[in-house]
Amino acid sequence: MPGNVQSVERAAAIIRLLSAHDGRQLGDLSSALGLSKSTVHGIVRTLVQVGFVEQEAAGGGYRLAQSVLANRPMAMDVNEIRARATNWVDALAARTRLATRLVVLPDRAAHEIDAGIISHHVFSAAKTPQHVEIGESVNLAATAEGKVLLAFAAVGPSVLEGLQPEAATSRTLTDVDRVRAEVDLTRSRGYGIDDEESAVRTAGLAVPVRSHGGLVVAALGVRGTPDQVLTARHDASVQLVTLLAEAARGTSHALMAERW
Amino acid sequence: MAPRYVLSIDQGTTSTRAMVFDQHGRLAGMGQREHRQIFPQPGWVEHDAAQIWHNTRRVIPQALAELGISVADVAAVGVASQRETFVLWERDTGRPVCSAIVWQDTRSHQVAEGLLADPGADFFRSRAGIPPAAYFTAPRLSWLMADRPELRVRARRGELLMGTMETWLIWNLTGGPDGGVHVTDVTNASRTLLMNLEQLDWDPELLEFFGVPESILPTIVPSSQVVGTAVGALAGVPIAAAVGDQQGALFGQTCFEAGEVKCTYGTGAFLLMNTGADVVTSSHGMLSTVAYQLADGSKAYALEGSIAVAGGLVQWVRDGLGLVRTAPEIETLARTVDDSGGCVVVPAFTGLFSPYWSSGARGVISGLTSFVTAGHLARAVLESCAWQTNDVVEAMAADAGVPLKSLRVDGGMTSNHLLMQMVSDVLDVPVLRPTTSETVSLGAAYLAGLAVGFWSDMKVLRRNWHRAGQWDPRLSAERRDQQRLAWRAAIDRTLDVRN
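Everything numeric in this text was worked out from a predicted model, so none of it was measured.

How do you make sense of the overall build of chain B when you look at a structure like this?
When helices and strands are tallied, chain B shows 16 helices and 23 strands. For chain B, the C-alpha radius of gyration of 22 Å lies close to 23 Å, the compact-globule estimate for 499 residues. The dimensions of chain B, computed from C-alpha atoms along their principal axes, are 70 × 55 × 40 Å. Relative to its 499 residues, chain B shows a buried fraction of 53%. For chain B, the proportion of contacts with a sequence separation of at least 24, taken over those separated by at least 6, is 71%.

Teacher, can you tell me more about the interface of chain A and chain B here?
A common way to express how large an interface is: the accessible area buried when the components associate. Contacts between the two partners involve 20 residues from chain A, matched on the other side by 19 residues from chain B. When residues of the side of chain A that touches chain B are assigned to their parent elements, the largest contribution, 12 residues, is made by helix 5 (residues 78-96) of chain A. By residue class, the composition of the side of chain A that touches chain B is 11 nonpolar, four polar and five charged.

Help me understand the sheet that holds strand 13 (residues 224-229) of chain B in this model?
Strand pairing within a sheet occurs via backbone hydrogen bonds; the two strands may be parallel or antiparallel. All names here are of chain B. A sheet is described by the order of its strands in space; here six strands give the open sequence 3-2-1-5-14-13, paired in mixed fashion. Of all the strands in the sheet, just strand 3 (27-34) and strand 13 have a single pairing partner and so form its edges. The average angle at which neighbouring strand axes cross in this sheet is 25 degrees, direction not considered. Here five bridges tie strand 5 (residues 74-81) to strand 14 (residues 238-244), and the two strands are oriented parallel to one another. The residue of strand 14 that forms the bridge with Val79 is Ala242. The sheet strands contacting helix 1 (residues 49-67) are strand 1 (5-11), strand 2 (15-21) and strand 3, and the helix crosses strand 3 at an angle near 150 degrees.

Looking at this structure, how should I read the environment of Val229(A)?
Residue and element names in this part refer to chain A. With respect to the helices, strands and loops of the structure, Val229 is situated in helix 9 (residues 226-229). A C-alpha to C-alpha distance of 6.3 Å links Val229 and Ala203, two positions 26 residues apart in sequence. Setting aside residues no more than four positions away along its own chain, Val229 makes contact with Ala203, Gly204, Leu205, Val222, Gly224, Ser237 and Leu240.

Could you clarify how one ought to interpret unusual backbone geometry in this entry?
What is expected of a backbone is that most residues other than glycine have negative phi and most peptide bonds are trans. In the Ramachandran plot, Arg97(A) falls in the positive-phi region, its phi being about 60 degrees despite a non-glycine side chain. Topologically, Arg97(A) is positioned in the loop between helix 5 and strand 3 (99-104). Owing to 15 C-beta atoms within 10 Å, Arg97(A) belongs among the partly exposed residues under this scheme. With phi around 55 degrees, Leu200(B) is a residue other than glycine that occupies positive phi space. On the secondary structure map, Leu200(B) appears in the loop between strand 10 (195-196) and strand 11 (201-202). Residue Leu200(B) is classed as partly exposed on the basis of its C-beta count, with 18 C-beta atoms lying within 10 Å.

What counts as what
- Residues numbered from 1 in each chain as written.
- Chains lettered and ligands numbered in written order.
- Predicted model: local features only at pLDDT ≥ 70, side-chain atom pairs only at ≥ 80, totals over all residues.
- Helix = DSSP H or I, 4+ residues; strand = E, 2+ residues; numbered from the N terminus.
- Rg over C-alpha atoms; globule rule 2.2 N^0.38 Å.
- Buried ≥ 20, exposed ≤ 12 C-beta atoms within 10 Å, placed from the backbone.
- Contact = placed C-beta atoms within 7 Å.
- Nonpolar A, V, L, I, M, F, W, Y, C, P; charged D, E, K, R; others polar.
- Pairing = 2+ DSSP bridges.
- Axes fitted to C-alpha atoms, helices over the stretch in contact; angles between N-to-C directions.

Written out as structure tokens, the structure is:
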């Protein structure tokens, strides 16, 4: 049997120390654990990066992040996500000529979440009137992005438990058991489909965007007419799923980069 | 098979990048390397031109490799560059004889101030379209020749060549000492303070005034024209364009018609308005410059206005005040309130640029009451970017005699959704953002592609422009006028040295 992973043990010890007392300095942590400052610094820095620990601006002490304590979905600011992701989301729109959206869950306790938020939205190449949808809500059970977040986000199962799906079109799934089955299907195939469920003559495809350790923090989707997005048999266009996955990988890197 | 791509080199202030664009103007591959910033004395900024050329040779194969294509797939190369930065080198060896002296360098500040104060200063504007400021090339070149007289002697003997960065790179790309082509384009030359803006040629009186021997100067060519063929990594590929970065962005945004304006939001912000085939002389503090010249000789001029502090103000809120952890978070903070609570910020950190041109102005935060929170301040910071944009746009519109119909934007700050809405509200016109944010490189690629027929004409380029987002004005005229009054009052305080 392989032994324990030492750095995980140490990270757990640091989290335990911070949960007992906030605002500890690096020196406190290192003497409390009998480890060198540089070892502790490396672990704390990683915990800050993954959003478990925050550094207080004044004094530089460390504390556990609110989002972890309160079962909230995000560690990163929704506007920062857009700034980091924009090159990839823009490029996806240029490549597919479809509208693209990056959707996240709001920074609230899981049981209070009833919709997703559009972090970034890029117009389709169509000449039709369009408006910037950034900041608007999306129906979690009806959209491709929403289904991906319910299926993959850390708080997805808790959100799904309290969700009361609202009908947007005649094709929206409003029966909770059918939504559950659709979310399971989304998880097993790795992408979400919206087949005129959130708006008529509109279809969507979305894939998860991962951050540190593989956690899903956003859903990246394209939207267009059903014939632009789906096959004649109402399946996902294989080419679009490939382009989405590629853009999602790039977005993940952008979200995790220390400097950007 | 015909080549499917055009390659751009963007020689910028902090890094050199190579970018590959496809027929649709979409970015397909990129390589990037930063170069050293050298600060020998306070106010001096230099680059190592040899390092920049070294980096250029590295990023080109990097960009091609990222896309998995060979040089045979490249139809043409265009070079965009930071403007006004120059270097001198030996014609026979290609060795630089000085550091590249960067546009940010203020060593010739006092000389330039003296010239500006002279009653004859209008002479420069009437010939070159620009005033004798330290960041244009000529005052720094003149300083160098005076500081190192041996360079003047060698220059007169014909041993030295001078160039802005695109000139240096094109000379090296086409063989260097072994047949390198020594050219600059009209847009870069228009920023040297040595070119006659009407004739698009070196002005003998300006050369004499700054003591610049003509033998060291490159030949001025159109922005879009095959000037030579590359050797080395890009062997056989035509070098088909050169353009200054801001003019490149104007072209990349396809602002081809008179009256069309783009604004690039970075640390500062640069607005350029295409003014058509004739020079428009500003009576509102704008600079006159060349927008581009095509191979057939057809040309467009532009008015340029700059804002010293835009994104830099957000960096100050982050680093100086510690109100946000990252720059984009300012939008989150600003959205905690509905308005600025009467607070106005004017970021005249080192004076004000267009249209005020006051180096003595200092920043102001006005309308402070105990009601004002960090959120109000964040909002006032973003509003100041919008109102500074408006000041420049209004001055340009007055000079050009045409009102603005819409504003095309690019640069990092365009991901700030709230700011883009504010700009639209304040200017009262739609604000448009394209999907290709790398407009500088795209402009150089377009100019190069046009020269070799990769793109047939400018109409095709127009169709490549894909709208990523559009913000339409929502602010009532009444609210806009209130904000305008508060902004004007704060500007007046800024210009008053006693504040």
